[in-house]
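Below, each chain spelled out in residue letters.
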Amino acid sequence: MVKFSKQFEGQLIPEWKDAFVDYWQLKKDLKKIHLMNNTSPVTKQEHSDFPNTFFSSIRKKFSLFGNQHRDHGVIQVHRKLASSASKGDFYETELLEQFDDTDAANEFFSCLDLQLNKVNQFYRTKEKEFVERGDSLKKQMEILVELKTAMKQHREKGSSSKETKDDDSFSGTISCEEESITGKTEEEQGQGATNEFENNDAQFSDSGRSGEVLGQSTRTNREEGKITRAFSGRVFHCQGKNMRINIPVTNPTRTFSAISYLLWDDLVSQSSRKCGPDGKSRLHINKTKLHHAEKMIKGASIELYKGLGYLKTYRNLNMLAFAKILKKFDKVTNKQVLPIYLKVVESSYFNSSDKVMNLADEVEETFIKHFADDDKRKAMKYLKPTQREESHTVTFFIGLFTGCFIALFAGYVIVAHMAGMYGPKSDIVYMETVYPVLSMFSLLFLHFFLYGCNIFMWRKTRINYTFIFELAPTKDLKYRDVFLICTTSMTAVMGVLFVHLSLVAKGYSYSQVQAIPALMLLVFLLLLVCPFNIFYKSSRYRFLRVIRNIILSPLYKVVMLDFFMADQLCSQVPMLRNLEYVACYYITGSFKNQDYGYCMMTKNYRDLAYAVSFLPYYWRAMQCARRWFDEGQTSHLVNLGKYVSAMLAAGAKVVYEKERNVGWLCLVVAMSSGATVYQLYWDFVKDWGLLQFHSKNPWLRNELMLRQKVIYYFSMGLNLVLRLAWLQTVLHYNIGSVDYRVTGLFLAALEVIRRGQWNFYRLENEHLNNAGKFRAVKTVPLPFHEVDEQD
């Protein structure tokens, strides 16, 4: 039977852990009372028998005459009114009977009162936040319904052929004083991808409250994203108020439109804008824009419902924790405290308030009516998605393919040794063609395997990576899925290479078998873009979307998953260079005549190698620039400098590989040393949140997810050592007769391992930041905003 403390820890919301009842501290206080009761019982009995007997007899006599204090039992809980309504009432317990250790009992009840007051205060704060978001969402829904009704009436009316050419929009009147953008820009913004909200629009808020309450001024500052002004669209009149539709700038079309609008807004004054003779301008509400607004409201409803569900769980778990600890207290002290204190807990605010339940019912009814076509089962798929069950079949196939991979790898090594493909007298053509393919897949799936290990550790330490990455809980990859993909893929790769090697050993010509590695790579690419719902389609397409966002940086809005993946690419430069070589070898037709040196000697290839070496850092730098533009935080510019230094160091290394002189050697050492120091500081202080000198944990942070502190020190030391792997590029130290390509693969694998451990601490720090601000649900921006007449 699992202890309640384990169940309690496993079911609580990780980001709200500090707001829950500190059940473990209460158990420690209770343990003190228990130990005090068990120490020298005879001595205590001698000193306490007479007073207890005397006072108990007095109480019995007074109870015959209806003593009022007896109704309160052993304790009395006083409810005191707070100075302000927002803080709520607070409770204080008074002991009415003598305990074996009164000081320890007082300490226990003081802690218990503190926990009850903390729970009530947090519940009141979160309830107020969600109620405000619910009221705002209700008003947004009313506006959306009114606009959809107007569009429907416009379609049915069809008054003139000119107005009905485009059924996707309808017209209204606006004042010329309001901000507007050209009709072309409105048309462009309506052409955005219809699935952008689900992939990119959701974002974290820097506070627990929603910043999108209806009625706020639309005078946005840089911290709120100045660029979003450009996509507000024209102002329309609805419900007696001037309203604007705000669509987040998340794709290239919207970004270009917004930038062009900002430039136009700086060049042209408000007064010079043209309007109709009656001082009015025509407004076209595009159907696509309205569809985006509907998706934003739908996403906000889902997040609000999720938050309300968390608040219900918060109430139920805390109620159960109070009951359990009071029951333990009664068992230790042989007192009847449970019915008295539990009655107070049941009547306290967090358990008696019904606002959350009512609001959850309202959100559910609204969602079913407007987003699920009155189908409750369909609505529950969004509001209460069921977790995908983990099957033991997956575990079986992981073991099966692992065994197959080991067998094929052993067979490949034996056949290669017998055929003399590796070693001092190895076949140069075979090595130059097979090694890049094997190295590329090895680095790729090693990285993927470490990601599976990261998921395992994140789940074990209750780091909410699905929330941080904004992944769908029903479609995200579990660590067993990742391991299955790794073992299956590497088994297939090793099987194909084993067949290829066997054909070469049997005497088949290179022109007949050299296409096999290229066909294998092509099959993997086709599986990645396969449109059928097989082989984890949702994960594959999410991966492709993220890669698209990275390549087109800074045109796409940057979310956590985007820059996290871009950081992974920064550690896969050797893999990208191998991919470049393989592409050149097969695209140029060099495999037909085994001219493996053609690509290495071509000037365009060498220039492309330089580009490949710094492209991941460039993409990451552009993401930092975009985040600075959206959020206005100078820390993003400082982070951009880190990637610029890495680009310069990578470029110096590429040039040094060609020139090989003392001048370039000194430049490589200087640039790489500076970049390494920069990166180490950012790893430890910014990404990991470590090296805090005033922390209670020396050289670490105050809050740690791992119990063994030595792991953090070891990881920092290992990160330092692996960051210095670039020295091999300068020293060219050979380990015995090991081929330089094997040494390069080994160093590249070390960088991938370094990135794997970096991933865990990066997510740990992000999780602790969310928990520090009690962020457990996303704050989705709402589309409709009221504007002042002066705007």
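Right above here is the structure, for reference.
Residues numbered from 1 in each chain as written. Predicted model: local features only at pLDDT ≥ 70, side-chain atom pairs only at ≥ 80, totals over all residues. Heavy atoms only, no water.

Caption draft 1: Examining the environment of Arg315 more closely. Mapped onto the secondary structure, Arg315 falls in helix H8 (residues 287-333). A sequence separation of 37 residues divides Arg315 from Ser352, and the C-alpha atoms of the two residues are 9.9 Å apart. Setting aside its immediate chain neighbours within four residues, Arg315 contacts Tyr123, Phe350, Asn351, Ser353 and Met357. Within the structure, Arg315 has its side chain in polar contact with the backbone oxygen of Ser353 (distance 3.1 Å). (Helix = DSSP H or I, 4+ residues; strand = E, 2+ residues; numbered from the N terminus. Contact = heavy atoms within 4.5 Å. Polar contact = N/O pair within 3.5 Å; in protein donor to acceptor, adjacent residues only side chain to side chain.)

Caption draft 2: Representation of the packing of helix H26 (residues 662-687) against helix H27 (residues 710-723). Interaxial distance between H26 and H27 falls to 11 Å at its minimum, and their mutual angle equals 155 degrees. It follows that H26 is roughly antiparallel to H27 by the angle criterion. By crossing handedness, the relation of H26 to H27 is classed as right-handed. Two secondary-structure elements touch here, H26 through Thr676, Gln679, Leu680, Asp683 and Phe684 and H27 through Met716, Asn719, Leu720 and Arg723. (Axes fitted to C-alpha atoms, helices over the stretch in contact; angles between N-to-C directions. Parallel < 35°, antiparallel > 145°, perpendicular 65-115°, else oblique. Left-handed = near helix turned anticlockwise from the far one by under 90°.)

Caption draft 3: Layout of the side chain of Ser613. Counting through the fold element by element, Ser613 comes out in helix H24 (residues 603-631). A relative accessible area of 4% means that Ser613 is categorised as buried. Excluding anything up to four places from it in sequence, Ser613 contacts Val573, Arg577, Ala650 and Val654. (Buried < 20%, exposed > 50% of the residue type's maximum accessible area, 1.4 Å probe, protein only.)

Caption draft 4: The packing of H26 against helix H29 (residues 740-772), seen in detail. Closest axis-to-axis distance for the H26/H29 pair is 10 Å, and the angle between their directions is 30 degrees. The pairing of H26 with H29 is recorded here as roughly parallel in orientation. Here Asp683, Lys686 and Asp687 of H26 come into contact with H29, specifically with Arg754, Trp758, Tyr761, Arg762 and Asn765. Split by residue class, the contact of H26 with H29 holds 2 nonpolar, 1 polar and 5 charged. (Nonpolar A, V, L, I, M, F, W, Y, C, P; charged D, E, K, R; others polar.)

Caption draft 5: Structural context of a positive patch on the surface. A grouping of Lys3, Lys6, Lys27, Lys31, Lys324, Lys327, Lys328, Lys331 and Arg707 is seen on the molecular surface, where their side chains present a positively charged patch. Going through the elements one at a time, helix H2 (23-38) and H8 are the ones with two or more residues in the positive patch. Of the residues forming the positive patch, the biggest block, 4 residues, is contributed by H8. Tracing the backbone through its elements, the reader meets Lys331 in helix H8. Of the residues examined, Lys331 reaches a relative accessible area of 71% and is grouped as exposed. (Patch = residues over 30% accessible without salt bridge, like charges linked within 9 Å, V, L, I, M, F, W, Y side chains within 5 Å. Areas by Shrake-Rupley, 256 points an atom, 1.4 Å probe, with all protein chains shown as cover. Salt bridge = Lys/Arg side-chain N within 4 Å of Asp/Glu carboxyl O. Lys, Arg positive; Asp, Glu negative; His and termini not counted. Charge placed at Lys NZ, Arg CZ, Asp CG, Glu CD.)

Caption draft 6: Broad picture of helix H18 (residues 515-528). Its 14 residues give H18 an end-to-end C-alpha distance of 20 Å, which sits within 8% of 20 Å, the value for a rise of 1.5 Å per residue. Listed in full, the buried residues belonging to H18 are Pro517, Met520 and Leu521. Buried residues of H18 fall within an arc of 95 degrees about the axis and therefore sit on the same side. Along H18, exposed side chains directed more than 90 degrees from the buried face belong to Leu519 and Leu526. (Expected span 1.5 Å × (residues − 1). Arc of directions from axis to C-beta.)

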